[in-house]
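# Topology and contacts: notes
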Amino acid sequence: MRLIFALPHVPWPPIGGGRARNWFLSSALARRHESHLFALQAPDEPAGDPPSSLPYASVQIVPIPTASPPRFSAAWASLRLRSMRHPAAAFYQPDAERQFAGLVQRVRPAAIVYGMSWMLPYARAAQGVPGIVDEQNYDPQITARMAAGKRGIAALVWRFYVAVTERAERRNLRLVQGIAPCSEQDAAIFRREAPHADIEVVPNGVDTEAITPQPLGDAVVMTGTFSYAPNLEGARWLARQVW
């Protein structure tokens, strides 16, 4: 089978949950099927040398502007305006969509796997190729949880943002035929929000041949990318409540 993986980040180094899942899932399937990688890369994201041997038939990396432009700059204002239509506006660029359409036309894949819902706007350029989205989260749920802790003007802004996220998610899920959530709890949400789609749970895991745990002694380790708000909230909850 011939596949295209459309990812919002270059999946190496596999730092953080999103990149790790994208890397292991795409590279595992690439060892069984002819797979072509299409990945976006912002100038401020973690960079590293690619592994010595990549399993993909081809790799296309498309530079995009930073997702965190200087506050109150023209780029910052433009991103905020575009975010009123889609919360992951930084990941959609018209030039990148044109390059993606060209790749689809050249490769003519049997299916396209979109890494997270942030890439679903590109499904409009899929030219009828069936799509599956690897849903690592249900973004409206995360946004609603973050909004719950806000007060005053911030609460109003976040409630608006929750509504934007919900509309964007429903609109974009209609563009694909399959959804692969991480858990049965998320699968239940997607069955409700996207009844047209085939849904199969693909849980997170660890490549035990590549990663071997070592004893740490008397220690507690919490792994996570703390630029991601739910991870930061979880760490504080662990330290202040559970511990």
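Our subject is the structure listed above.
Residues numbered from 1 in each chain as written. Predicted model: local features only at pLDDT ≥ 70, side-chain atom pairs only at ≥ 80, totals over all residues. Heavy atoms only, no water.

## Brief notes about the packing of helix α4 (residues 139–147) against helix α5 (residues 152–173)
- Two elements in contact, α4 and α5, have axes separated by 9 Å at closest approach and are oriented at 175°. Overall, the two elements α4 and α5 adopt an arrangement that is roughly antiparallel. Between α4 and α5, the contacting residues are Asp139, Pro140, Thr143, Ala144, Met146 and Ala147 on the first element and Trp158, Tyr161, Val162, Thr165, Glu166 and Glu169 on the second.
- Among the residues making up the contact of α4 with α5, the classes are represented as seven nonpolar, two polar and three charged. (Axes fitted to C-alpha atoms, helices over the stretch in contact; angles between N-to-C directions. Helix = DSSP H or I, 4+ residues; strand = E, 2+ residues; numbered from the N terminus. Parallel < 35°, antiparallel > 145°, perpendicular 65-115°, else oblique. Contact = heavy atoms within 4.5 Å. Nonpolar A, V, L, I, M, F, W, Y, C, P; charged D, E, K, R; others polar.)

## Concerning the pattern of salt bridges
- All told, the structure shown has seven salt bridges when counted by the stated rule.
- The partner of Arg21 in a salt bridge is Asp134, and the shortest N-O contact between them spans 2.7 Å. In this pair, Arg21 sits in helix α1 (residues 16–30) while Asp134 sits in strand β5 (residues 131–135), placing the two residues 113 residues apart along the sequence.
- Relative accessible area serves as the criterion here: at 8%, Arg21 is assigned to the buried category.
- Asp134 sits in the buried class, given a relative accessible area of 2%.
- Arg98 is paired through a salt bridge with Asp95; the nearest N and O atoms lie 3.8 Å apart. Highlighted residues: Arg98 and Asp95, both in helix α3 (residues 94–107), separated by three residues, approximately one helical turn.
- Since its relative accessible area comes to 42%, Asp95 is described here as partly exposed.
- Taken together, the salt bridges that share partners define one network made up of Arg170, Arg192 and Glu193. (Salt bridge = Lys/Arg side-chain N within 4 Å of Asp/Glu carboxyl O. Buried < 20%, exposed > 50% of the residue type's maximum accessible area, 1.4 Å probe, protein only.)

## As for the pairing of strand β4 (residues 111–115)
- Extensive coverage of β4 is indicated by the burial of five of its five residues.
- Side chains Ala111, Val113 and Gly115 of β4 all project onto a buried face; the interleaved residues Ile112 and Tyr114 project onto the opposite face, where all are buried too.
- Summarising the sheet, strand β1 (residues 2–7) and β4 pair through four bridges and their orientation is parallel. Across the sheet, the residue bridging to Ile4 is Ile112, located in β4.
- As judged from the four bridges shared by β4 and β5, these two strands associate in the parallel manner. (Pairing = 2+ DSSP bridges.)

## Thoughts on α1
- With 15 residues, α1 extends 21 Å from end C-alpha to end C-alpha; this agrees with the ideal 21 Å at 1.5 Å per step.
- Taken as a whole, α1 has its buried residues at Arg19, Ala20, Arg21, Asn22, Trp23, Ser26, Ser27 and Ala30.
- Packing partners of the buried residues in α1 comprise β1, β2 (34–41), β4, β5 and β6 (178–181). (Expected span 1.5 Å × (residues − 1).)

## Side note on the sheet that holds strand β7 (residues 198–199)
- A sheet is described by the order of its strands in space; here seven strands give the open sequence β3-β2-β1-β4-β5-β6-β7, paired in parallel fashion. In this open sheet, the two strands that pair with only one neighbour each are β3 (58–63) and β7.
- Along the sheet, α1 makes contact with β1, β2, β4, β5 and β6, crossing β1 at roughly 170°.
- Here helix α6 (residues 184–193) sits on the sheet and contacts β5, β6 and β7; the angle it forms with β6, its principal contact strand, is near 155°.

## A look at the nonpolar core
- Phe38, Leu40, Phe100, Ile112, Tyr114 and Ile179 are the most contacted members of the largest nonpolar core, which has 34 residues in total.
- Sort the elements by how many residues they give to this core and α3 lands first, with five residues.
- Residue contacts for Ile179: discarding those within four places in its chain leaves Ile132, Val133, Glu135, Leu173, Phe190, Ala194, Ala197, Asp198, Ile199 and Glu200.
- In this structure, Leu3, Phe5, Leu7 and Tyr56 belong to the second largest nonpolar core, which totals 12 residues. (Core = buried A, V, L, I, M, F, W, Y, C linked by side-chain atoms within 4.5 Å.)

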